[in-house]
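Examination of the molecular architecture
Spelled out from the first residue to the last, the chains are:
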Amino acid sequence: MLKILVFNLVLMCFVKYWEFIQVFMFVNCFVVMVKCSHDFYLYELGYMLGMDYLSYALILLSTWILALMICSSEKVKKSGYFSKGFLIVNLALMVTLLMTFSSMNYLLFYVSFESSLIPTLILILGWGYQPERIQAGVYMLFYTLFASLPLLVCLLALYSEGGSLTMGLAQVISKEGFVGSLWYFSSVFAFVVKLPMYLFHLWLPKAHVEAPVAGSMILAGVLLKLGGYGIIRILYLFSNLNKAYIWVWGCLGVMGGVVVSMMCMRQVDIKSLIAYSSVAHMGLVLSGMMTCNWWGVNGAVVVMIGHGLCSSGLFCLANMVYERVGSRSMLIGKGLLSFMPSMGLWWFLLSIGNMAAPPTLNLLGEVQLISSLISWSLVMLVGIAVLSFFSAAYTLYMYSLSQHGLFYSLLFSCSPGTVREYFVLALHWLPLNFLILKSAVVFYLI
């Protein structure tokens, strides 16, 4: 694992050559793929780093999204607006994500988990589009820091109590009553904000709307998955306590998802709509994950991977429209089917992926999550039915409002996409749809 980290640090010396970095980010992804060539549960161990199948799936997703992110940020290279700094920030983000997902020690995990905030903040403040990006950055910073400081105290208390912070060796928390509940909520709260759950999601639409395309892609593709990964890692410490609070997370996740889905139906800003849809999807993921059964955790990981590819592709498409039309409003940018006819198919393919239609990976994960939640309580069936209906409704609303109608401007008659753009969209769509053909591959990784 250390070799891959060093490889990414060495790449920072070549930031003058944009194309070189682009190629080697895909090479980096290929190297990570080759690393999983055996069936050990834990491997690449050393220096408090290591990988299991859960880490491997999310590391692979991170390397893939980062490579596509640099490909889609060609505008930064053409404008020459601190393009070297942009690559350095992205590579630094790559290193922090690799460290987060491969940490075998809770304290190292906490440090690298929080470190990923800094490059993301620099991306939003440095390459964002509007003055409101400062407010978005402050929201993100304070929400995350406010939620994560109790986690640090809990980890130090865990070390004091059990004498180890190594994953798998740390002592399971057996305290009950007020102290145990406080310990549990303080530990989980940091990851719930990062996921984010309804009521703690205000920073996410702000950050997405003001971020450049690279910031939106990495936020939706990987950083939202940090919360889910952290919950899976820390939940076994509270296996007894968690049983008493499944109803809290289940109700908040599903009913919060329904409320956010209704908010999606009245959005006009396309990036804001895609960001709110992420909150709705992650609510279902949180609910399934907290049931702690095989179907729930498996489904959560599959949806996290599928959602990472799908929402990243949608943000990429929204940016392509923004670069041509100059507005994110769906009222101004409507009629795209006549303006950008070659992009109509990609809008359709990624939209049906967002609503978990077959044959996407999201369908596989959501079927498992729904099975998990219904096996826990039949009452959840009502909330899940409403959530599924609105999920399809706001996706169709986004597709029909943006693609149909008359394009407002007479300046352009048609604007075809470039080969680079089709390449980036195809590399989002292919793994999203082809992994389900042999779903045993996905289960094998988990």
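Reference entry: report on the structure contained in this document. (Residues numbered from 1 in each chain as written. Predicted model: local features only at pLDDT ≥ 70, side-chain atom pairs only at ≥ 80, totals over all residues. Heavy atoms only, no water.)

**A few points about the overall build of the protein**
- When you go through the protein residue by residue, the secondary structure sums to 21 helices and two strands.
- Relative to a compact globule of 446 residues, whose C-alpha radius of gyration would be 22 Å, the protein shows 21 Å and is just as compact.
- The 446 residues of the protein split such that 60% are buried.
- Contacts in the protein between residues far apart in sequence, at least 24 positions, make up 82% of those at least 6 positions apart.
- In the structure as shown, the protein presents an accessible area of about 17,300 Å², 73% of it carried by carbon and sulfur atoms.
- For the protein, the distance from the average site of its 21 positive side-chain charges to the average site of its 14 negative ones is 6 Å. (Helix = DSSP H or I, 4+ residues; strand = E, 2+ residues; numbered from the N terminus. Rg over C-alpha atoms; globule rule 2.2 N^0.38 Å. Buried < 20%, exposed > 50% of the residue type's maximum accessible area, 1.4 Å probe, protein only. Contact = heavy atoms within 4.5 Å. Areas by Shrake-Rupley, 256 points an atom, 1.4 Å probe, with all protein chains shown as cover. Lys, Arg positive; Asp, Glu negative; His and termini not counted. Charge placed at Lys NZ, Arg CZ, Asp CG, Glu CD.)

**What about the pattern of salt bridges?**
- This structure, assessed with the given rule, holds five salt bridges.
- Salt-bridge contacts for K77 lead to E19; the nearest nitrogen and oxygen are separated by 2.3 Å. With K77 in helix 4 (residues 74-79) and E19 in helix 2 (residues 18-35), this residue pair connects regions lying 58 residues apart in the sequence.
- K77 gets classed as partly exposed once you look at its relative accessible area, which sits at 29%.
- For K77, the salt bridge goes to E74, with nearest N and O atoms at 3.7 Å. Highlighted residues: K77 and E74, both in helix 4, separated by three residues, approximately one helical turn.
- For E74, a relative accessible area of 12% gives the class buried.
- In this structure, a network of salt bridges that share partners links the residues E19, E74 and K77. (Salt bridge = Lys/Arg side-chain N within 4 Å of Asp/Glu carboxyl O.)

**Comments concerning the layout of surface pockets**
- Of the pockets and cavities examined, the largest pocket occupies roughly 340 Å³.
- Lining the largest pocket are 15 residues, and of these Y41, D52, L54, I232 and R233 sit closest to its centre.
- For the lining of the largest pocket, the secondary-structure elements that each account for two or more residues are helix 3 (53-72), helix 11 (213-235) and helix 15 (294-325).
- Taken together, the residues that form the lining of the largest pocket break down as 12 nonpolar, one polar and two charged. (1 Å grid on protein atoms, 1.4 Å probe; cavity = no way out; pocket = protein on both sides within 12 Å on 5 of 7 lines; lining within 4 Å. Points joined across faces, edges and corners; volume = space filled by probe spheres on them. Nonpolar A, V, L, I, M, F, W, Y, C, P; charged D, E, K, R; others polar.)

**Considering helix 20 (residues 419-434)**
- Counted at 1.5 Å a residue, the expected span for helix 20 with its 16 residues is 22 Å, and the 22 Å between its end C-alpha atoms agrees.
- Those residues of helix 20 hidden inside the fold are in contact with helix 2, helix 3, helix 11, helix 15, helix 17 (344-354) and helix 18 (361-376). (Expected span 1.5 Å × (residues − 1).)

**What to know about the pairing of strand 1 (residues 43-46)**
- One ladder, built from two bridges, connects strand 1 with strand 2 (residues 49-51); its direction is antiparallel. Note that in strand 2 the partner of G46 across the bridge is L49. (Pairing = 2+ DSSP bridges.)

**Re empty space enclosed by the protein**
- A full pass over the atoms with the stated rule returns five cavities of 30 Å³ or more.
- In this structure, the largest cavity encloses a volume near 70 Å³.
- In terms of lining, the largest cavity is formed by I270, A318, V321, S327, R328, S329, M330, G333, L336, W347 and S402.
- Among the residues forming the lining of the largest cavity, the class breakdown is six nonpolar, four polar and one charged.
- Its boundaries defined by the atoms lining it, the second largest cavity holds a volume of some 50 Å³.
- Together, S72, V213, C316, N319, M320, E323, R420 and E421 line the second largest cavity.
- The greatest single-element share of the lining of the second largest cavity, amounting to four residues, is contributed by helix 15.
- Along the lines of polarity and charge, the residues of the lining of the second largest cavity split into three nonpolar, two polar and three charged.

**Comments concerning the nonpolar core**
- Within the largest apolar cluster, 153 residues are counted, with the highest numbers of intra-cluster contacts made by I218 and W347.
- Beyond its immediate chain neighbours, meaning those up to four positions away, I218 contacts I65, L66, M69, L93, L97, L123 and L223. (Core = buried A, V, L, I, M, F, W, Y, C linked by side-chain atoms within 4.5 Å.)

**Notes on the environment of M380**
- Take M380: it is sitting in helix 19 (residues 380-403).
- The spacing of M380 and V254 is 126 residues in sequence and 7.9 Å in space, taken between C-alpha atoms.
- With residues near it in sequence (within four places) discarded, M380 still touches G250, V254 and L373.

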